[in-house]
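Take a look at the letters that make up each chain.
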Amino acid sequence: MCVIHRIYICAFVEIPRWILIFLVRVYKRFVSPLSVGACRYYPSCSEYVMWLLKFDNPFLAAFKSLARILTCNQLFSGGIAYPQATLSFQNIVFMPKNVKYWFVPSTNKAFLGIMGVFKKTYTMRVYIIKSL
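Looking at an unreviewed UniProt entry, one finds the protein chain named Putative membrane protein insertion efficiency factor and attributed to Helicobacter magdeburgensis. According to UniProt, the comment filed for the protein chain under the heading Subcellular location (unreviewed entry) is "Cell membrane". The heading Sequence similarities (unreviewed entry) in the UniProt record of the protein chain holds the text "Belongs to the UPF0161 family."

### Some details on the pattern of salt bridges
Within this structure, the stated rule accounts for 3 salt bridges. In this structure, E14 and R17 form a salt bridge, with 3.4 Å as the shortest nitrogen-oxygen distance. You can see E14 and its partner R17 sitting in helix 1 (residues 3-31), 3 residues apart, about one turn around the helix. With a relative accessible area of 11%, R17 lands in the buried category. For E47, the salt bridge identified is with K28, shortest N-O distance 2.4 Å. Pair noted here: E47 is in helix 2 (residues 45-55) and K28 is in helix 1, with a separation of 19 residues, a long-range link. Residue classification places E47 among the partly exposed positions, given a relative accessible area of 22%.

### Considerations on a positive patch on the surface
Positive charge collects at one region of the surface, where R25, K54, K100 and K130 lie side by side. Of note, K100 is situated in the loop between strand 3 (84-90) and strand 4 (101-105). Since its relative accessible area comes to 61%, K100 is described here as exposed.

### Details of a nonpolar patch on the surface
A cluster of nonpolar residues, I15, W18, I19, F22, L23, V26, Y27, F30 and V31, forms a patch on the protein surface that exposes about 920 Å² of accessible area. By the secondary structure assignment, V26 is in helix 1.

### Structural notes on the pairing of strand 5 (residues 121-130)
Where strand 3 and strand 5 come together, 7 bridges link them in antiparallel fashion. In the strand pairing of strand 5, L87 is matched with M124. In the sheet, strand 4 pairs with strand 5 via 5 bridges, with the strands oriented antiparallel. Across the sheet, the residue bridging to Y101 is K130, located in strand 5.

### Examining helix 3 (residues 58-70)
Helix length check: helix 3, at 13 residues, gives a terminal C-alpha distance of 18 Å against a target of 18 Å (1.5 Å per residue), a fit within 8%. For helix 3, the complete set of buried residues consists of P58, A61, K64, S65 and R68. Down the axis of helix 3, the buried side of the element spans an arc of 120°, and every buried residue falls inside it. Projecting away from the buried face of helix 3 at angles above 90 degrees are the exposed residues F63 and L70. By the N-cap criterion, in which a side-chain oxygen at the helix start approaches the backbone nitrogen of a residue two or three places on, helix 3 is capped by N57, the distance to F59 being 2.9 Å.

Rules and cut-offs
Residues numbered from 1 in each chain as written. Predicted model: local features only at pLDDT ≥ 70, side-chain atom pairs only at ≥ 80, totals over all residues. Heavy atoms only, no water. UniProt positions renumbered as here; feature names shortened; annotations may be inferred. Salt bridge = Lys/Arg side-chain N within 4 Å of Asp/Glu carboxyl O. Helix = DSSP H or I, 4+ residues; strand = E, 2+ residues; numbered from the N terminus. Buried < 20%, exposed > 50% of the residue type's maximum accessible area, 1.4 Å probe, protein only. Patch = residues over 30% accessible without salt bridge, like charges linked within 9 Å, V, L, I, M, F, W, Y side chains within 5 Å. Areas by Shrake-Rupley, 256 points an atom, 1.4 Å probe, with all protein chains shown as cover. Lys, Arg positive; Asp, Glu negative; His and termini not counted. Charge placed at Lys NZ, Arg CZ, Asp CG, Glu CD. Pairing = 2+ DSSP bridges. Expected span 1.5 Å × (residues − 1). Arc of directions from axis to C-beta. Polar contact = N/O pair within 3.5 Å; in protein donor to acceptor, adjacent residues only side chain to side chain.

If you want it as structure tokens, here you go:
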């Protein structure tokens with residue numbers, strides 16, 4: 001794959017991500033203070049969208065966010081619903097670090113294969129949880 005092709009793919013994914021993050025920040029800054037602030041979920045819908053946009057494909061994040069926003073009403077019970085994303089990890093080292101987000105595997109089966117000696121990249125479905 002040539003370098004120019006990679007740049008186009010990167011721009012195809014990153015520019016919509018930046019635009020969506022900007023729109024969510026504008027919403028949180030100007031529109032959200034005008035509302036009652038009664039999101040039925042934790043994390044709130046805007047935080048959910050931001051977390052997904054940081055770690056998932058922006059097009060999938062937009063679809064998942066729309067589904068979440070449509071369920072944020074009196075017909076659904078709400079509760080704790082962390083976003084899920086499929087992430088690739090490289091060179092995993094278990095040592096103390098300054099943690100901003102926790103990535104909790106959604107199944108134990110994917111996590112058990114993480115200790116393979118010859119594998120360098122691990123792809124697994126995880127829940128995204130922000131550290132305090």
